[in-house]
2 protein chains.
Amino acid sequence: MIQHLAVLGATGAVGREVCGILNEGRWKVGKVTLLASARGAGTRIDVLGESIEVREVSPRSFESVDFAIFSAGAERSRQWAAIANRAGAIVVDNSSAFRMNADVPLVVPEINPIDAAKHKGVIANPNCSTIIMNMGVWPLHQTNPVTRIVVSTYQAASGAGAAAMQELKTQTADALADRPLSPQVFPHPCAFNLFSHNTPIGPDGYNTEERKMIDETRKIFHEPGLSITATCVRVPVQRAHSESINLTFEKSMSPQRVREVLSHAPGLKVVDRVEENHFPMPIEASGRDEVLVGRIRQDVSQRDGHGIDLFVCGDQLRKGAALNALQVVELLAQR
Amino acid sequence: MIQHLAVLGATGAVGREVCGILNEGRWKVGKVTLLASARGAGTRIDVLGESIEVREVSPRSFESVDFAIFSAGAERSRQWAAIANRAGAIVVDNSSAFRMNADVPLVVPEINPIDAAKHKGVIANPNCSTIIMNMGVWPLHQTNPVTRIVVSTYQAASGAGAAAMQELKTQTADALADRPLSPQVFPHPCAFNLFSHNTPIGPDGYNTEERKMIDETRKIFHEPGLSITATCVRVPVQRAHSESINLTFEKSMSPQRVREVLSHAPGLKVVDRVEENHFPMPIEASGRDEVLVGRIRQDVSQRDGHGIDLFVCGDQLRKGAALNALQVVELLAQR
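Residues numbered from 1 in each chain as written. Chains lettered and ligands numbered in written order. Predicted model: local features only at pLDDT ≥ 70, side-chain atom pairs only at ≥ 80, totals over all residues. Heavy atoms only, no water.

Engineer: Sorry if this is basic, but what is going on with the overall build of chain A here?
Structural biologist: Looking only at helices and strands, one finds 9 helices and 16 strands in chain A. Viewed in the frame of its principal axes, chain A has a C-alpha envelope of about 60 × 55 × 40 Å. Of all 335 residues assigned to chain A, the portion counted as buried reaches 61%. Within chain A, contacts between residues separated by at least 24 positions form 66% of all contacts whose residues are at least 6 apart in sequence. A total of about 12200 Å² of accessible surface is found on chain A, and carbon and sulfur atoms cover 49% of it. If you average the places of the 35 positive and of the 36 negative side-chain charges in chain A, the two averages end up 3 Å apart. (Helix = DSSP H or I, 4+ residues; strand = E, 2+ residues; numbered from the N terminus. Buried < 20%, exposed > 50% of the residue type's maximum accessible area, 1.4 Å probe, protein only. Contact = heavy atoms within 4.5 Å. Areas by Shrake-Rupley, 256 points an atom, 1.4 Å probe, with all protein chains shown as cover. Lys, Arg positive; Asp, Glu negative; His and termini not counted. Charge placed at Lys NZ, Arg CZ, Asp CG, Glu CD.)

Engineer: Where do I start with the sheet that holds strand β15 (residues 291-298) of chain A in this structure?
Structural biologist: Sheet strands associate in pairs through backbone hydrogen bonding, adopting either a parallel or an antiparallel arrangement. Residue and element names in this part refer to chain A. Ordered in space as β11-β9-β13-β16-β15-β14, the 6 strands form an open sheet in which the pairing is mixed. Two strands in the sheet have a free side with no partner beyond their single neighbour: β11 (227-231) and β14 (268-270). Between one strand axis and the next, the sheet turns by 25° as a mean value, whatever way the strands run. Of the strand pairs in this sheet, strand β9 (residues 146-154) and strand β13 (residues 240-249) are connected by 8 bridges, and their pairing is antiparallel. Bridge pairing in β13 links Arg148 to Thr248. (Pairing = 2+ DSSP bridges. Axes fitted to C-alpha atoms, helices over the stretch in contact; angles between N-to-C directions.)

Engineer: I'm lost on the interface of chain A and chain B in this one. Help?
Structural biologist: A common way to express how large an interface is: the accessible area buried when the components associate. With 59 residues of chain A at the contact, the number on the chain B side is 59 residues. Between chain A and chain B, roughly 4700 Å² of surface is buried when both sides are summed, and carbon and sulfur atoms account for 58% of that area. If you look at where chain A meets chain B, you find 6 salt bridges. Residue Arg148(B) pairs with Asp299(A) through a salt bridge whose shortest N-O separation is 2.7 Å. Where chain A touches chain B, the interface holds 36 residue pairs in polar contact (both at pLDDT 80 or more). (Buried area = accessible area lost by both parts, 1.4 Å probe. Salt bridge = Lys/Arg side-chain N within 4 Å of Asp/Glu carboxyl O. Polar contact = N/O pair within 3.5 Å; in protein donor to acceptor, adjacent residues only side chain to side chain.)

Engineer: How should the packing of helix α5 (residues 162-176) of chain A against helix α5 (residues 162-176) of chain B be read in this particular structure?
Structural biologist: The description of two helices packed together rests on the angle between their axes and the distance between the axes. Packing of α5(A) against α5(B) brings their axes to within 10 Å, and their N-to-C directions diverge by 135°. With respect to α5(B), the element α5(A) is oriented oblique. As α5(A) runs across α5(B), the sense of the crossing is left-handed. Where α5(A) abuts α5(B), its residues Lys169(A), Thr172(A), Ala173(A) and Leu176(A) lie against Lys169(B), Thr172(B), Ala173(B) and Leu176(B). Here the contact of α5(A) with α5(B) is composed, by residue class, of 4 nonpolar, 2 polar and 2 charged. (Parallel < 35°, antiparallel > 145°, perpendicular 65-115°, else oblique. Left-handed = near helix turned anticlockwise from the far one by under 90°. Nonpolar A, V, L, I, M, F, W, Y, C, P; charged D, E, K, R; others polar.)

Engineer: Quick question: what am I supposed to make of the packing of aromatic side chains here?
Structural biologist: What characterises a pair of aromatic rings is the spacing of the ring centres plus the angle enclosed by the ring planes. What the rule picks out here adds up to 11 aromatic pairs over all chains. Taking 4.0 Å as the distance between ring centres and 25° as the angle between the ring planes, the aromatic pair formed by Tyr154(A) and Tyr154(B) counts as stacked. A residue pair is termed interchain when its members come from two chains, as with Tyr154(A) in strand β9 and Tyr154(B) in strand β9 (residues 146-154). Judged by its relative accessible area of 0%, Tyr154(B) falls in the buried class. (Phe/Tyr/Trp six-rings, centres within 6.5 Å; stacked < 30°, edge-to-face > 60°.)

Engineer: Mind showing me how you'd approach the relation of the copies chain A and chain B here?
Structural biologist: Superposing the two chain copies requires a rotation about an axis and a translation along that axis. Of the two same-sequence chains, chain A is brought onto chain B (RMSD 0.0 Å, axial shift 0.0 Å) by a rotation of 180°. Given the turn and translation reported, the copies of this chain are related as if by a two-fold rotation axis. Of the residues that chain A buries at the interface, 100% are likewise interface residues in chain B, meaning the two copies contact each other through the same surface. (Least-squares fit on C-alpha atoms with pLDDT ≥ 70 in both.)

Engineer: Just checking my understanding: could you explain the packing of helix α4 (residues 128-143) of chain A against helix α9 (residues 318-333) of chain A for this structure?
Structural biologist: Residues and elements named next belong to chain A. Relative orientation of the contacting elements α4 and α9 amounts to 90°, with a least axis distance of 8 Å. Considering their axes alone, α4 and α9 lie roughly perpendicular with respect to each other. Mapping the contact onto sequence places Cys128, Ile131, Ile132 and Met135 in α4 and Lys319, Gly320 and Asn324 in α9.

Engineer: Sorry, what's going on with the pairing of strand β6 (residues 67-70) of chain A here?
Structural biologist: Side-chain direction in a regular strand flips from residue to residue, so the side chains alternate between the two faces of the sheet. Residue and element names in this part refer to chain A. Neither face of β6 is left uncovered, since the one carrying Phe67 and Ile69 and the one carrying Ala68 and Phe70 both have all their residues buried. As paired elements, strand β1 (residues 2-8) and β6 share 4 bridges and run parallel to each other. Within β6, the position partnered with Leu8 by the bridge is Phe70. Bridge analysis of β6 against strand β7 (residues 90-93) gives 4 bridges, and the strand direction is parallel. Residue pairing for β7: Ala68 is matched across the bridge by Val91. For the handedness criterion, the β-α-β arrangement of β6, helix α2 (residues 74-86) and β7 is classed as right-handed. (Right-handed = clockwise from strand over helix to strand, strands pointing away.)

Engineer: I would appreciate a short explanation of helix α6 (residues 208-221) of chain A in the present structure.
Structural biologist: Every α-helix carries 3.6 residues per turn, so stepping three or four residues along brings you back to the same face. Under the 1.5 Å per step criterion, the end-to-end length of α6(A) is 19 Å for 14 residues, consistent within 8% with the ideal 20 Å. Considering only its buried residues, α6(A) is in contact with α4, β9, β11 and β13 of chain A together with β15 (291-298) of chain B. Count one or two residues on from α6(A) and you reach His222(A), which has phi positive near 55°. (Expected span 1.5 Å × (residues − 1).)

Engineer: I keep staring at the sheet that holds strand β2 (residues 29-36) of chain B and nothing clicks. Help me out?
Structural biologist: Residues and elements named next belong to chain B. As summarised here, the arrangement of the 6 strands in space is β5-β2-β1-β6-β7-β8, forming an open sheet in which the pairing is parallel. Only two strands of the sheet have a single neighbouring strand rather than two, namely β5 (55-56) and β8 (122-124). As judged from the 2 bridges shared by β2 and β5, these two strands associate in the parallel manner. Along β5, the bridge assignment pairs Leu35 with Arg55. Those strands touched by helix α2 (residues 74-86) are β1 (2-8), β6 (67-70), β7 (90-93) and β8, and its axis lies near 155° from that of β7.

Engineer: Explain the environment of Asp66(B) to me, please; I cannot follow it from the model alone.
Structural biologist: Residues and elements named next belong to chain B. Mapping Asp66 onto the fold places it in the loop between β5 and β6. Spatially, the C-alpha atoms of Asp66 and His278 are 44 Å apart, while their sequence positions differ by 212 residues. In this view, Asp66 contacts Gln3, His4, Gly88, Ala89 and Ile90; residues no more than four positions away in its chain are not counted.

Engineer: What should I look at first to understand the environment of Gly30(B) in this one?
Structural biologist: Mapping Gly30(B) onto the fold places it in strand β2. With sequence-adjacent residues up to four places away left out, Gly30(B) is seen in contact with Met1(B), Ile2(B) and Gln3(B).

Structure representation (structure tokens):
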């Protein structure tokens, strides 16, 4: 039972997804408070049979709140987390504000639930691409340590928010009608195009999204030395991220063993129907809780069977954000 | 000077691209004969200022033809190559029919032009994804041997032909209007979706496209033992393929050195504007001869600087097919 849950950023893509998941009725929630900036305040959203008005977040918003899911960007998380904590609310933060702080657990409930207990008021939800990759890699890492990950992503518009999803639709219609394209949310045209993830590039040449995948995976796995390289790419897909993952294992690893391990892992669904050429696809991952995994095969470029290739697809708004945050709340509420 | 050039499959996406490139006037061509199956015959295509009628291919089609570019699928290539050869025409074949035959050179003119001289009537044009990857990898391999390639592709609809390009447009319009999607050319919906390359999967789990990238690269590079793994994915993009490439070198390799080598390599354009977050994109590669290359960075997952990550984009119909074939014809015509 979750007594009183607040959602900051309720009118955003992730906030609305939190409400949508609550409406599916799998969790008992006593009371829901919806919060946003002044711009979003006044909007009404249906949650658990009630039309709830979104209120502007204020220092008094968190009184009597047990858990607050923050999904309004890193700046607002920094602004409101301590205030929520002082009011007695535990914050599950979907932004990147606190993820790498040593005293903030970074939690995927299927992977490191025990880390959640160490919180000091804030628990961070990992980056969406990180969660989706880790769901497929962690169960294997438990069986046979993974020593290197090479990942290339195919990321949906939803990662950049509701406005980006709308831009993909509008701009695609413009492209089909041969109208000029004028990107607003993304720096480049997204219709029938793809581009390197639009986050700042560090001195090492990696963009912030890639750096998150590397650093957060190491933290979640408790493997500070794990070798990872990532290439993050935005593709014209609405709301599920795909990732092509190449793994190196400490010992040899067969595709049969990988399939067996993944088919028993929580939150995953193996979609690997070779005869029908049917593998994980964004349209089939969209709206689903499970991360789909397939294209499981021995990497022929590595000696002695130490390599495995696989492909995952996960709903960016669900397991990549809203669902994971709610699972963390559930984990804490059970204690 | 190319005396008499025939194009078999003239009404297809690649055939039309061959005509389009000829119309740009960079090559002198005496006569052009356009050929297709009965279905395509009768179509008129403007080439070099003339409206040329496409004729149905017959045993007499190749009389007086010096060079014939075949782009009508593997089956037709097998059917007509020997007939064209007997009539005195040299065949540059864009299909997969002969690529791995020991007595058929597989040629990218910027890489292995001398192989072209060894032909016995047929020269094969490599697979589009192979050409586009090799354009970026070969110049580096010359400088510091590449020992392993891990590649993930983002392939355009054009690789499946003109009907697939039309399906992407039509189906995307259907998706925007919430009409039901009914894939005809592709096995899965392509609008706002992506899927594993729709070619048969071998017993090792690799699909035919991936197998081509591995085997053809080894043949073109004359490196039968080169370690390569590939994951080929179709994305909702019209006509340029993108590829995320992870390289391992024999010796350490700096991004500066990679940038220097690639900026002097033929047929490549380095697009690596970190400050502006501007890297190779399909819409900018489309209609261009050069393969774009960027996101050049040291792979932090490999020790001692032996790894490099990069990203390439190339027009699938041009350098991936029609342009490469015409370059091979030019190479032979110069002899």
